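Here is how the chains run, residue by residue.
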Amino acid sequence: MSAVLTDPDPSVEQLLKEGYELELLHQHLLVHGVPYVNHCGEVCWGVLAAPYTGNRVEGVSATPKGHTIWLHGETPHHAASRKPMHGLINSSADRKLCEGFVGNHYLSNKPNNQVPKNFYDLISHYHGLLSAEAQQIAPNVDGRTGKVRANRDPESVFRYPDTASCRSGITNLSQRFRDYQVAIVGVGGTGSYVLDLIAKTPVAEIHLFDGDTFESHNAFRSPGAATIENINRNELKAVFFQEQYGSFRKGIVSHPYKVSGDTLTELESFDFVFVCIDDGDSRKVICEFLADRGIAFIDTGIGMTLQSVEGQQEQLSATCRVTVVSPEKKDHMDRFLDYAPNDDNVYDSNIQIADMNALNAAMAVVRWKQFLGVYQDQQKAHNLTMTMSLQSMHREEAIEE
């Protein structure tokens, strides 16, 4: 039995008491040693797997995602006819559910034509269907072995289970972020939203570099809802956001100072860097340093101006830019990165533009996930510009394959 499965879920405790060989692996409940019959009429031993979201209330059983389950093993057959159990098998195709486990057969059968209310009902139902066939050949076989299994689930960075990934069936994809170390230079408007999105991936560490104080105008350009007490503490942004997201996950590291001079070398240890600053001089120094060191990064930028149209009220003209620079392509930096001062830019005032910050951050994080191969990427563009007045995305600097 995996040591992770110690939460007070009555249905899981009942499975353990009856001797089921359980393991929790990447938010999936595995049941080992389940007997079934193969096409040769032999008794084999398979593994059942179902997404396990954990129980939310002590003493109350968690509810399974549905009535289906996966089987790792050969095609299960009826003992007498030697025919596949078509009433049980929904489909047969290998599916990597998470690192370390592949399901071979997707099983679907409702006990008493109802969705199981807990994991005991789910597991015991499928175990009963499979083992009943095996017992016709070997009457004493049973999946309730009473064996205890070592925990294979790696230490999670999250304070509670990542139920979103397992419920969506993308646990295997999300594991690509493991052991990744990311830096965010500047956790103002755009950088704070980048943090919010990346914090929900299982990257090992997220390092925050910012030497400014979190003030009231920052609260209107960042995710969440800061309290007046937060504002009055005059905390540095890096420290503030480390505390905010530390209750959600581990691996948030604050660097409450500006990246320049001697501190530039601290960026050398990261797998990827997000540059989310509006100072042209600092952007040039940081981005050229990263490019020279062969460190992949994304630079973000928002352009906003007040437009006066005759006979109409003033309106905002806005663009969001995301520029990817990688060891394979960096010859486009000077054409797209803005190294000029932003003295007249609306971004420097207190106009509330949280929507543009969030959009710019989402573009950057999605482009990063494409860079890692999580999202499909047919264009492989290294510069994206979203023009709000046209509601259009312009793609440039694609890598030819």
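In this report, we go over the structure that sits alongside the text.

What counts as what
Residues numbered from 1 in each chain as written. Predicted model: local features only at pLDDT ≥ 70, side-chain atom pairs only at ≥ 80, totals over all residues. Heavy atoms only, no water. Helix = DSSP H or I, 4+ residues; strand = E, 2+ residues; numbered from the N terminus. Contact = heavy atoms within 4.5 Å. Areas by Shrake-Rupley, 256 points an atom, 1.4 Å probe, with all protein chains shown as cover. 1 Å grid on protein atoms, 1.4 Å probe; cavity = no way out; pocket = protein on both sides within 12 Å on 5 of 7 lines; lining within 4 Å. Points joined across faces, edges and corners; volume = space filled by probe spheres on them. Nonpolar A, V, L, I, M, F, W, Y, C, P; charged D, E, K, R; others polar. Phe/Tyr/Trp six-rings, centres within 6.5 Å; stacked < 30°, edge-to-face > 60°. Buried < 20%, exposed > 50% of the residue type's maximum accessible area, 1.4 Å probe, protein only. Lys NZ or Arg CZ within 6 Å of the ring centre and 35° of its normal.

### Concerning the overall build of the chain
- Counting secondary structure elements, the chain contains 11 helices and 14 strands.
- Contacts spanning at least 24 positions in sequence make up 66% of the contacts within the chain whose residues lie at least 6 apart.
- Only carbon and sulfur atoms are counted for the fraction: they give 47% of the accessible area of the chain, which is about 19300 Å².

### Thoughts on empty space enclosed by the protein
- Evaluation of the coordinates by the stated rule reveals one cavity of 30 Å³ or more.
- Forming the boundary of the largest cavity are Val187, Gly188, Gly189, Phe214, Asn218, Arg221, Ser222, Lys237 and Phe241.
- Considering only residue class, the lining of the largest cavity consists of three nonpolar, four polar and two charged.

### Considerations on the packing of aromatic side chains
- One pass over the full model with this rule turns up 12 aromatic pairs.
- Aromatic pair phenylalanine 214 and phenylalanine 240: ring centres 4.0 Å apart, planes at 20 degrees, arrangement stacked. Here phenylalanine 214 is found in the loop between strand S8 (205-209) and helix H6 (216-219), whereas its partner phenylalanine 240 is found in helix H8 (residues 237-246), with 26 residues between them in sequence. Across the pair, phenylalanine 240 and phenylalanine 214 agree in class, each one buried.
- When the centroid spacing of 6.4 Å and the interplanar angle of 50 degrees are considered together, the rings of phenylalanine 272 and tryptophan 368 count as tilted. With phenylalanine 272 in strand S10 (residues 272-275) and tryptophan 368 in helix H11 (residues 354-371), this residue pair connects regions lying 96 residues apart in the sequence.
- A cation over a ring is seen here: lysine 200 above phenylalanine 248, with NZ or CZ 5.9 Å from the ring centre.

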